[in-house]
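A look at the structure
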Amino acid sequence: MNFDLRTADLEAINSATKYPSIPTYHQLGDRGSLTDAVTEFQGPVIGTEKVDGTNARVISLPDGSWLLGSREELLCAKGDLIGNPAQGIVAALREFANALTPVGDVVRVFYLEVYGGKITAASKQYTGDRAVGYRLFDMIALRDYEAVLAMPVPEISAWRESGGQPFLAEPELAAAAVRGGVELTPRLFTLDCADLPREIDTTREFLATHLPMTRSALDDGAAGRPEGIVLRTSDRSAIAKARFEDYDRTLRRRRPAAG
């Protein structure tokens, strides 16, 4: 094991561990409206709640150290007395990161949604008492980290956005959540890809049927309106998001034209 955070290229680590862009289930068109083209899935599809918070990373490193990051930047390292307070990520996740135990010669990245408090305008949907919570929604286990981190940063970015990151399949992700003592984003259903809706209006109805209220409320004062559903295969070879807001916007714009 040769990894040493003190001499590591932090810019390369940051790029290699960012969460990649996730497509919408119906593809986006002009001015944020959805088109009729859908993301295609094969076999069983798992539906999970998409929580409206801030995307965060806990990067567990082979030398026993860790880094905390937002979607775009690193915020804190193990041993730092002061971390970047942006979006409350360090305050929410430092204790979780400290409790992690390194697992072999591998870089593990836990992707979590930190939500509630005053993190986003939607926080009131999850808490009436400004409570803060977090849920695990994805994870990678990077074993060939030396080769990846040796690449120029633009190449790392291209590797990441083209699906190079080794995400855990659903069973391994669930097992990692148990070991880490962290809750997954709520699992809503598993159904065959043939049962997914393909029209804009029926997809909006599908969202309301399967997620009428958030399942991630932090207290009884939560208003409860959910953000949407993430669709994914068990091996995570295909993934897409479907947000209520996108479907409502698209349907509002289509109604006058239909008349």
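You'll find the structure just up there.
About the thresholds
Residues numbered from 1 in each chain as written. Predicted model: local features only at pLDDT ≥ 70, side-chain atom pairs only at ≥ 80, totals over all residues. Heavy atoms only, no water. Pairing = 2+ DSSP bridges. Helix = DSSP H or I, 4+ residues; strand = E, 2+ residues; numbered from the N terminus. Axes fitted to C-alpha atoms, helices over the stretch in contact; angles between N-to-C directions. Contact = heavy atoms within 4.5 Å.

Reading across the sheet, the five strands line up as S6-S5-S4-S7-S8 and stay open at both edges, with antiparallel pairing between neighbours. Of all the strands in the sheet, the pair left with one neighbour each is strand S6 (74-77) and strand S8 (132-142). The sheet shows a mean angle of 20° between the axes of neighbouring strands, taken without regard to direction. Direction of pairing for strand S4 (residues 54-60) relative to strand S5 (residues 66-70): antiparallel, over a ladder of five bridges. Looking at S5, one finds that alanine 56 is bridged to serine 70. Against the sheet, helix H2 (residues 89-99) engages S4, S5, S6, strand S7 (107-116) and S8, with an angle of about 150° to S5.

Moving on, we come to the sheet that holds strand S11 (residues 239-243). Where strands meet in a sheet, backbone hydrogen bonds hold them as pairs that are either parallel or antiparallel. Sheet architecture is open: four strands sit in the order S9-S3-S10-S11, paired in antiparallel fashion. Every interior strand has two partners, whereas the edge strands, strand S9 (187-192) and S11, have only one. Strand-to-strand twist of the sheet, defined as the mean angle between neighbouring strand axes without regard to direction, takes the value 25°.

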